[in-house]
Amino acid sequence: MGTLPLYMRLYREMREKIETGLWPAGMKMLSVREQAGTLGVSKFTVERVYGQLAAEGYIRAGNRSCYRVASQVTVRRERQPLARKPKPAVPVQARYDFATAAMDREGFSFAQWRRCFYRVWRREEDLLRYGDERGEPELREALASYGAQARDTYAGADAIVVGSGTQQLLRILAGLLREDYGAVVFTEREFPLGIDTFAAEGYTVRLAAPSETVSDLIERTGRALMYVLPSLIYRSSGVMPARRRAELLAWAEAQDGLIIEDDFDCELSYYGAPVASLQGMGDGKRVVYIGSLSKVLPPSFRLAYMILPPELNERFEARRHLYRQTASVAEQLALADYIRRGALTVQIRKLRGLYRKKWQALRAAFIAAFGERLRVDEPTGGIYCRIRLATELTREELYRRALAAGVALRREKRPVGEAQGEVSFLLAFGQVPQEEFPAAAAALAAAWLR
């Protein structure tokens, strides 16, 4: 209270007396001169206080500038102390975090990104306006060119919609498709972001059974949406082969279905170029393509984009006045500059080499610590690696022991393909420094094998 201006402190004191009934309705207020003398303040201060009370209806002016307390209902008799929230329990801090899919500190050149941003900040006129509902034209042009070269996508800039993240784009998409489709099939069960988003939008959500393949789903699914992550390279089954992709496209054509292709984790292939996109394999009419650069740029850069088929794109255009752009204009323009200058291509190539070396170091560290008690799956790219431990302990007990040893692991349900007497974990090794792998593996071995 002591930090408030004097007139504001006096105003609150007088308002309190009126609200609690200490100053009853109709009571004559002291004149400005008398009140100033009583309080030992200037008349100007009292005039500001009375003016504020009158503006809010607490007092009213009478004859000859005399103020009286206004007739009103007393709103409170006493102040109740604010309830103090209990302090949350302090979580155990893990020294080695394999649960968070963050980026390696050496994996991104902030100096290069800052130069792109500095060039954008000089464009003051562009930063004084609201963003395009579709996304900045410069970025959409850059993404169309990048997608054609890197992912074999087939689209112009006018078919692209930029957003602040995949979830925001899915909400837009769910609204556009609701009048045509009431059900969506997810081929990946462990994708709560997409599943929960469509369920919240009123769709009937069907999850593929653990034993169901894409071919099984195609045979049993009529007209519907099919949500696929064909480039999810850390799954033990690997990327979706070209033959399965062709089957999906044929299904969509025959059943008047629509495929939502989430191209998550597609860029970081260790061995050569990643498999071409589903959207590029077809004519672009049966696939909605969703791309995100969250694994090659810091995830704090909230940018994603989608490519809409022609009919759906026309629907978006007709409704674009209903949407507001949620991605920063400055970040969009910086990313456009980053792509145009070839920095994104260099960044992807750099990360592919970095993460391939990190996985090799991770495998060596865990084999040295566990011996034959543990197997390490070989990923084809990305920042994830699955380890498989031969044990009689439960998954929950292994989680508990790992955390007590200072190692954080991703929580997941029993994955498909896990053998009896085996428990597997998916390690996100992106942000853990390579030199700490031996110590992390030794800590887990000591906790799990004791």
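In what follows, the structure referred to is the one given above.
Novice: Run through the overall build of the chain, naming residues and quoting values.
Specialist: Along the chain, the regular secondary structure elements total 15 helices and 14 strands. Its C-alpha atoms give the chain a radius of gyration of 31 Å, more than 25% over the compact-globule value 22 Å for 450 residues. Projected onto its principal axes, the C-alpha coordinates of the chain cover approximately 90 × 60 × 45 Å. Counting all 450 residues of the chain, 48% fall into the buried class. Of the contacts formed within the chain by residues at least 6 apart in sequence, a portion of 74% connects residues at least 24 apart. Working note: accessible area of the chain is about 23,100 Å², and carbon and sulfur atoms make up 52% of it. Averaged over its 67 positive side-chain charges, the chain has a centre that lies 8 Å from the centre of its 54 negative ones.

Novice: Just give me the short version of the sheet that holds strand E8 (residues 258-262), but keep the residues and values in it.
Specialist: Judged by pairing direction, the sheet is mixed, and its seven strands sit side by side in the order E4-E10-E9-E8-E7-E5-E6 without closing on themselves. Each edge of the sheet is formed by a strand with only one pairing partner; in this case those strands are strand E4 (160-163) and strand E6 (204-207). The mean inter-strand angle of the sheet, taken between neighbouring strand axes irrespective of direction, is 20°.

Novice: For the sheet that holds strand E12 (residues 384-390), give the residues involved together with the corresponding values.
Specialist: Read across the sheet, three strands follow the order E11-E12-E14 without closing on themselves; strand pairing throughout is antiparallel. Of all the strands in the sheet, just strand E11 (374-376) and strand E14 (422-428) have a single pairing partner and so form its edges. Neighbouring strand axes in the sheet, compared pairwise and without regard to direction, differ in orientation by 20° on average. Across three bridges, E11 lies against E12 in antiparallel orientation. The residue bridging Val376 from the neighbouring strand is Ile387, located in E12. Where helix H14 (residues 395-404) meets the sheet, it contacts E12 and E14, and its direction lies at approximately 45° from that of E14.

Conventions adopted
- The residue count restarts for each chain, going from 1 along the sequence in the order it is written.
- This being a predicted model, a pLDDT of at least 70 is required before a residue's local features are given, and a value of 80 or more before pairs of side-chain atoms are given or counted; all residues contribute to the totals for chains, interfaces and linings.
- The side-chain figures draw on all heavy atoms in the structure; neither hydrogens nor water molecules are used.
- Secondary structure follows DSSP: runs of H or I at least 4 residues long count as helices, runs of E at least 2 residues long count as strands, and numbering of each begins at the N terminus.
- Radius of gyration: C-alpha atoms only; globule rule: 2.2 Å multiplied by the number of residues to the exponent 0.38.
- Exposed residues in this analysis have more than 50% of their type's maximum accessible area, buried residues have under 20%, and partly exposed residues fall in between, with area computed by a 1.4 Å probe over protein chains only.
- Residue contacts are counted whenever heavy atoms from the two residues lie within 4.5 Å of one another.
- All accessible areas in this document rest on Shrake-Rupley with a 1.4 Å probe, and a residue is counted as covered only by the protein chains that are shown.
- For the charge count, each Lys or Arg is scored as positive and each Asp or Glu as negative, with His and the chain ends excluded.
- Here the site of a charge means atom NZ of a Lys, CZ of an Arg, CG of an Asp or CD of a Glu.
- At least two bridges found by DSSP between two strands are what make those strands a pair.
- Convention adopted: a line fitted to C-alpha atoms gives each axis, helices being fitted over their contacting stretch, and angles between N-to-C directions are expressed from 0 to 180 degrees.

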